[in-house]
Amino acid sequence: MAKKLFTGGTVVSGAGCRKADVLVDGERIVAVGDCPEALDDPDLERIDVSGKLLFPGFIDGHTHMDLDVSDTVTIDGFDSGTRAEVAGGTTCIVDFATQNRGESLAFALEHWHGKADGKANCDYAFHLALSDWNESVSRELGQVVAGGIGSFKLYTTYDGMVVDDRTIYEIFSRLKELGGIAGVHCENKGIIDARLVQVLARKGNRKQVSDYPWTRPALAEAEAVNRVLNIAACVDTPVIIVHLSSRQGWEEVCRARQRGQKVYVETCPQYLVMDQSRYSLPDQEARRYMIAPPLRGTEDQEILWKALADGVVDTIATDHCSFTRQQKEAGREDFSRTPCGMPGAEERPGLVYHFGVGQGRITLEQMCRYLAENPARLYRLYPRKGVIAPGSDADLVVWDPEAEWTLSEKTQQSAADYCPLEGTRLKGRGEQVYLRGRLVARNGELLEPYTGKYVTADTKEPIDF
């Protein structure tokens, strides 16, 4: 692979922006700044990126590819799902390898490697979602962490995945011993189940999607956030609150931080740019927006944007969990049977740039932190990923701040047959996407498929932000 010199662009990092050249040799960055020694190299490929921004390849720390859930399987596996990711500028995902009840951790990881290996269009790492807990699993965790997986996921809801408070405490304690960290899906299962029964008793059916957000109120999220944070405080260990959606949940995080807890927070574009009015659309359409936690109100959106502006939310991930319209129709007679989730892999960088940077809500540096640097640090892929620096992987996004494009099901790379933000016009786009020095996508089109590799976390190093 020839050496490449990117010239004339503005390099973006979490610390600032500067005009600088970037020299790439093979899969790695070798220099940032003036590179006079490269100019006489006959094998050098010069790439003029004048007027463009150079971001490190974006990292999506929350995806569900090829996931068996709600009696179906997400329509995007690692092929189409990572095609969508890399088309938008994401060069590495961290997917949730899921341990189902009765499975060993080794089986779960082997299962996920079978789904991903040889099929990915961007690099990929794994979290491990835990549903079963016993002495054998506890012992196995040590091998898993030593093998390069340092982040895990727990659920406080869903019949097949929910873990009780004692289990959460024991897992937190074991992860503290091993240097691992858990992200938690926080919703109170008891409140959700009780309200589902109430809707059925009151109406005789659960057909109307407009009733859905009432069954998963923001207070159910807040209660679970509070409980999980108190358990983490008893263990004295950091924790990640994933896909935070509400003001009430955010207030619980603030209270925990005020008493000195280390809490990392992830939110998602859907909670920043869409609101619960989508559930008042005709039911067939409204089901497409059924996600968990649900879309919230405009006040919640503004709270989350302010938190991002203040630098106190840590990452923006997608929770990409995609289905077709037909799959969503499983909830036609009972909305609780609708598989929850939406596509969002391709859109994330464009939405954050247009509605965040473009509208003055966040800075370029913050966009870089939320989409690249912070997830790399949190999941211990840094500095291999998440930064444009000598020695790092040559994952680069040449960003055209003036490019205008329209979100559409007809042009998206996801296999989902609808686009949640159909017709939305965005300004700013990843013009070229390089994965370890290879040009793999241009203007939303994949050029070189199946170049993704499995990457592991440096679990011997502490989380450093």
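Each remark here, short or long, concerns the structure printed above.
Remember, predicted model here, so these are calculated numbers, not experimental data. (Residues numbered from 1 in each chain as written. Predicted model: local features only at pLDDT ≥ 70, side-chain atom pairs only at ≥ 80, totals over all residues. Heavy atoms only, no water.)

Q: Before we move on, can you summarise the pattern of salt bridges with the specific residues and values?
A: Counting across every chain of the model gives 39 salt bridges. The closest approach of N and O atoms between Arg 247 and Glu 251, which form a salt bridge, is 2.9 Å. One end of the pair is Arg 247 and the other is Glu 251, both in helix H8 (residues 247–258) and four residues apart, which spans about a single turn. Residue Glu 251 is classed as partly exposed on the basis of its relative accessible area, which comes to 30%. Its salt-bridge partner being Lys 385, residue Asp 395 comes within 2.7 Å of it at the nearest N-O pair. Taken together, the positions of Asp 395 in the loop between helix H14 (364–378) and strand E18 (396–406) and Lys 385 in the loop between H14 and E18 put the pair 10 residues apart, joining distant regions of the chain. A single burial state applies to Asp 395 and to Lys 385, both of which are buried. (Salt bridge = Lys/Arg side-chain N within 4 Å of Asp/Glu carboxyl O. Helix = DSSP H or I, 4+ residues; strand = E, 2+ residues; numbered from the N terminus. Buried < 20%, exposed > 50% of the residue type's maximum accessible area, 1.4 Å probe, protein only.)

Q: Outline the layout of surface pockets, listing residues and values.
A: Space inside the largest pocket adds up to approximately 1100 Å³. Around the largest pocket sit 43 residues that line it, and Val 69, Ser 70, Tyr 158, Asp 159 and Ser 336 are the ones nearest its centre. Only strand E9 (68–69), helix H2 (105–116), strand E13 (151–155), helix H5 (189–203) and helix H6 (212–215) provide two or more residues apiece to the lining of the largest pocket. Top contributing element to the lining of the largest pocket by residue count: H5, with four residues. Residues belonging to the lining of the largest pocket are distributed by class as follows: 17 nonpolar, 16 polar and 10 charged. Empty space within the second largest pocket amounts to approximately 160 Å³. (1 Å grid on protein atoms, 1.4 Å probe; cavity = no way out; pocket = protein on both sides within 12 Å on 5 of 7 lines; lining within 4 Å. Points joined across faces, edges and corners; volume = space filled by probe spheres on them. Nonpolar A, V, L, I, M, F, W, Y, C, P; charged D, E, K, R; others polar.)

Q: Talk me through unusual backbone geometry; I want residue IDs and the actual numbers.
A: Keep in mind that most residues, glycine aside, have a negative phi and that most peptide bonds are trans. Cis peptide bonds are those with omega within 30 degrees of zero, and the linkage from Ala 292 to Pro 293 qualifies with -5°. Of note, Pro 293 is situated in the loop between helix H10 (283–286) and helix H11 (298–309). The step from Tyr 382 to Pro 383 runs through a cis peptide bond, and the omega angle for that step is 5°. Even without glycine at this site, Asp 66 takes up a positive phi of about 50°.

Q: Hey, could you go over the sheet that holds E13 for me, with residue numbers and the actual values?
A: With respect to topology, eight strands assemble into an open sheet ordered E8-E11-E12-E13-E14-E15-E16-E17, the strand pairing being parallel. Strand pairing shows two members of the sheet lacking a second neighbour, strand E8 (58–63) and strand E17 (315–316), which therefore form its edges. Note: strand E15 (residues 239–241) against strand E16 (residues 263–267), three bridges, orientation parallel. If you follow Val 239 over to E16, its bridge partner there is Val 263. The sheet strands contacting H8 are E15 and E16, and the helix crosses E16 at an angle near 160°. (Pairing = 2+ DSSP bridges. Contact = heavy atoms within 4.5 Å. Axes fitted to C-alpha atoms, helices over the stretch in contact; angles between N-to-C directions.)

Q: Residues and numbers for the packing of helix H3 (residues 135–146) against helix H4 (residues 165–178), please.
A: Running from amino to carboxyl end, H3 crosses H4 at an angle of 40°, the nearest separation of the two axes being 10 Å. As H3 runs across H4, the sense of the crossing is right-handed. Taking contact as the criterion, the partners of Ser 138, Arg 139, Leu 141, Gly 142 and Val 145 in H3 are, on H4, Arg 174, Leu 175 and Leu 178. Residues of the contact of H3 with H4, tallied by class, amount to four nonpolar, two polar and two charged. (Left-handed = near helix turned anticlockwise from the far one by under 90°.)

Q: Give me empty space enclosed by the protein: which residues, what numbers.
A: Using the criterion set out here, one finds five cavities of 30 Å³ or more in the structure. Lining the largest cavity, in full, are Pro 269, Gln 270, Met 274, Thr 318, Asp 319, Met 342, Pro 343, Gly 344, Glu 347, Leu 351, Pro 420 and Leu 421. Counted by class, the lining of the largest cavity contains seven nonpolar, three polar and two charged residues. Along the walls of the second largest cavity sit 13 residues, with Ala 125, Phe 126, Ser 151, Tyr 379 and Ala 457 positioned nearest its centre.

Q: Could you give me a rundown of the sheet that holds strand E4 (residues 22–25), with the residues and numbers involved?
A: A sheet is described by the order of its strands in space; here four strands give the open sequence E5-E4-E1-E6, paired in mixed fashion. Each of the sheet's edge strands pairs with one partner strand only, and the pair in question is strand E5 (28–32) and strand E6 (45–48). Each strand axis lies, on average, 25° off the axis of its neighbour in the sheet, ignoring direction. Sheet topology places strand E1 (residues 4–7) next to E4; three bridges connect them, and they run antiparallel. Within E4, the residue paired with Leu 5 across the bridge is Leu 23.

By themselves these figures say nothing about function.
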